[in-house]
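So you can see what is in the structure, the chains are spelled out below.
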Amino acid sequence: MAAAKGKGGARRDPAATRQALLAAGAALFSERGFDGVPIEDLAHRAGVNKALISYHFGSKRGLYTAVLTSAFRAIAERLQAIEHAGQGARETLHRLLQAFDALRRERPDFPTLFLREVLASGLDPAVAPYLLEIIAVVRRLAERGAREGVFRPVDPLKLHFGLVGALVFFLATEPARRRILSERRVPFAMTDFPSFLRYLEDLTLRGLAPGPPPAVRRRPSARAVATATPVVRR
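None of the values given here were measured: they were computed from a predicted structure. (Residues numbered from 1 in each chain as written. Predicted model: local features only at pLDDT ≥ 70, side-chain atom pairs only at ≥ 80, totals over all residues. Heavy atoms only, no water.)

**Let's talk about the overall build of the chain**
Part 1: In terms of regular secondary structure, the chain is built from eleven helices and two strands.
Part 2: Ordered by position in the sequence, the α and β elements of the chain form the string β-β-α-α-α-α-α-α-α-α-α-α-α.
Part 3: Per-residue burial for the chain yields a buried fraction of 38% across its 234 residues.
Part 4: Of the roughly 14200 Å² of accessible surface on the chain, 56% is carried by carbon and sulfur atoms. (Helix = DSSP H or I, 4+ residues; strand = E, 2+ residues; numbered from the N terminus. Buried < 20%, exposed > 50% of the residue type's maximum accessible area, 1.4 Å probe, protein only. Areas by Shrake-Rupley, 256 points an atom, 1.4 Å probe, with all protein chains shown as cover.)

**Re the environment of Leu-181**
Part 1: Here Leu-181 lies in helix 9 (residues 174-182).
Part 2: In this view, Leu-181 contacts Val-186, Phe-188 and Met-190; residues no more than four positions away in its chain are not counted. (Contact = heavy atoms within 4.5 Å.)

**Here's the deal with the packing of aromatic side chains**
Part 1: Within the structure shown, the criterion is met by nine aromatic pairs.
Part 2: Centroid distance Phe-29 to Tyr-64: 5.0 Å. Interplanar angle 85 degrees. Geometry classified as edge-to-face. With Phe-29 in helix 1 (residues 14-32) and Tyr-64 in helix 4 (residues 60-84), the pair connects residues that are 35 residues apart, well separated along the chain. Like Phe-29, the residue Tyr-64 is buried in the burial classification.
Part 3: Ring plane angle 85 degrees and centroid distance 5.3 Å describe the contact between Phe-72 and Phe-114, whose orientation is recorded as edge-to-face. With Phe-72 in helix 4 and Phe-114 in helix 6 (residues 110-121), this pair connects stretches of sequence that are 42 residues apart. Comparing Phe-72 with Phe-114 shows no difference in burial state: the two are buried.
Part 4: A connected cluster of aromatic rings, assembled from ring pairs, spans Phe-170, Phe-193, Phe-196 and Tyr-199.
Part 5: Its end group placed over the ring of Phe-34, Arg-61 keeps NZ or CZ at 4.0 Å from the ring centre.
Part 6: The cationic tip of Arg-177 hangs over the ring face of Phe-170; the distance from NZ or CZ to the ring centre is 3.9 Å. (Phe/Tyr/Trp six-rings, centres within 6.5 Å; stacked < 30°, edge-to-face > 60°. Lys NZ or Arg CZ within 6 Å of the ring centre and 35° of its normal.)

**Some details on the nonpolar core**
Part 1: In this structure, Phe-29, Leu-63, Phe-72, Leu-167 and Phe-193 are the most contacted members of the largest nonpolar core, which totals 58 residues.
Part 2: Here this core gets eleven residues from one element, more than from any other, and that element is helix 4.
Part 3: Leave out the neighbours within four places in its chain, and Phe-72 touches Phe-110, Phe-114, Leu-123, Val-127, Tyr-130, Leu-131 and Ile-134. (Core = buried A, V, L, I, M, F, W, Y, C linked by side-chain atoms within 4.5 Å.)

**Concerning a nonpolar patch on the surface**
Part 1: On the surface, a cluster of nonpolar side chains totalling about 340 Å² of accessible area is made up of Leu-115, Leu-119 and Phe-169.
Part 2: Tracing the backbone through its elements, the reader meets Leu-115 in helix 6.
Part 3: Assessed through its relative accessible area of 30%, Leu-115 is described here as partly exposed. (Patch = residues over 30% accessible without salt bridge, like charges linked within 9 Å, V, L, I, M, F, W, Y side chains within 5 Å. Salt bridge = Lys/Arg side-chain N within 4 Å of Asp/Glu carboxyl O.)

**Some remarks on the confidence of the model for the chain**
Part 1: With 85% of its residues at a pLDDT of 70 or more, the chain has an overall mean of 87.
Part 2: For the chain, strand 1 (residues 4-5) is the element with the lowest average pLDDT, namely 50, and helix 2 (residues 39-46) is the one with the highest, namely 96. (pLDDT = per-residue confidence, 0-100.)

**A word on the environment of Leu-205**
Part 1: Here Leu-205 shows up in helix 10 (residues 193-207).
Part 2: Among the residues examined, Leu-205 registers a relative accessible area of 15% and is labelled buried.
Part 3: For the pair formed by Leu-205 and Arg-152, sequence separation is 53 residues and the distance between their alpha carbons is 9.9 Å.
Part 4: Among residues more than four places away in sequence, those in contact with Leu-205 are Arg-90, Leu-93, Val-150 and Phe-151.

**So, helix 6**
Part 1: The end-to-end C-alpha distance of helix 6, which contains twelve residues, comes to 16 Å, matching closely the 16 Å that a straight helix rising 1.5 Å per residue would cover.
Part 2: Those residues of helix 6 not exposed but buried are Phe-110, Pro-111, Leu-113, Phe-114 and Glu-117. One side of helix 6 holds all its buried residues, which, seen down the axis, span an arc of 165 degrees. Residues Leu-119 and Ala-120 are exposed on helix 6 and point more than 90 degrees away from its buried face.
Part 3: In the core, the buried residues of helix 6 are packed alongside helix 1, helix 4, helix 5 (89-106) and helix 8 (156-172).
Part 4: Remark: Gly-122 follows helix 6 within two positions and exhibits a positive phi of approximately 95 degrees. (Expected span 1.5 Å × (residues − 1). Arc of directions from axis to C-beta.)

**Digging into the packing of helix 8 against helix 10**
Angle between the axes and distance between the axes are the two parameters that describe a pair of packed helices.
Part 1: At a minimum axis distance of 11 Å, the contact between helix 8 and helix 10 shows a crossing angle of 170 degrees. Taken as axis vectors, helix 8 and helix 10 run roughly antiparallel relative to one another. Once helix 8 is placed against helix 10, the crossing between them reads as right-handed. For the pair helix 8 and helix 10, the contacting residues are Leu-159, Gly-162, Leu-163, Ala-166, Leu-167, Phe-170 and Leu-171 in the first and Phe-193, Phe-196, Leu-197, Leu-200 and Thr-204 in the second.
Part 2: Looking at the contact of helix 8 with helix 10 residue by residue, the class counts come to ten nonpolar, two polar and no charged. (Axes fitted to C-alpha atoms, helices over the stretch in contact; angles between N-to-C directions. Parallel < 35°, antiparallel > 145°, perpendicular 65-115°, else oblique. Left-handed = near helix turned anticlockwise from the far one by under 90°. Nonpolar A, V, L, I, M, F, W, Y, C, P; charged D, E, K, R; others polar.)

In structure tokens:
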């Protein structure tokens, strides 16, 4: 493939141009959503002619889908690699959680972009296979943990939402927490991501430990209180 021309007519490496557009799309779509980003802004952010969006991705929608697909594929492949390393369930859980620390550094725009996508339109069909594989990794972790005696039997989908859902929400709301702290709008310190990872790991291991769950003391209903026989004090 011949090198495409940039804004000034200079020739650019096609792979570099494509990567620049993906990075621009991740940043701007995360910040404003799909409808809030004109093609001109994407091209300006990437430093290329706007015609190159159609050349590489067919359309703005094509670029958006490619941004989502690239992120989901990278996450799924990383989690698969951790699973295939053959560690026990406890170590695999630890490493899966740490993978999201790497995600935070390498793809900081993804959590917000993911939440925007889910709230706006559900989920692009192109990313469904990768999302299903992420869920499958968690399912196999739950099954392995039960076999090894690390976890009691648990609904894998609930475990997925408990882990991945909590992580994505925490990361997506991180910029808001930083703003709140900088403006001194809360009288307490916010937890950082490494501390949250340790908490989530400990919560999972303790909460899913084999054996009967601790008894939950239930408060009596209002009806039971109202109909209870009163104690007569003499």
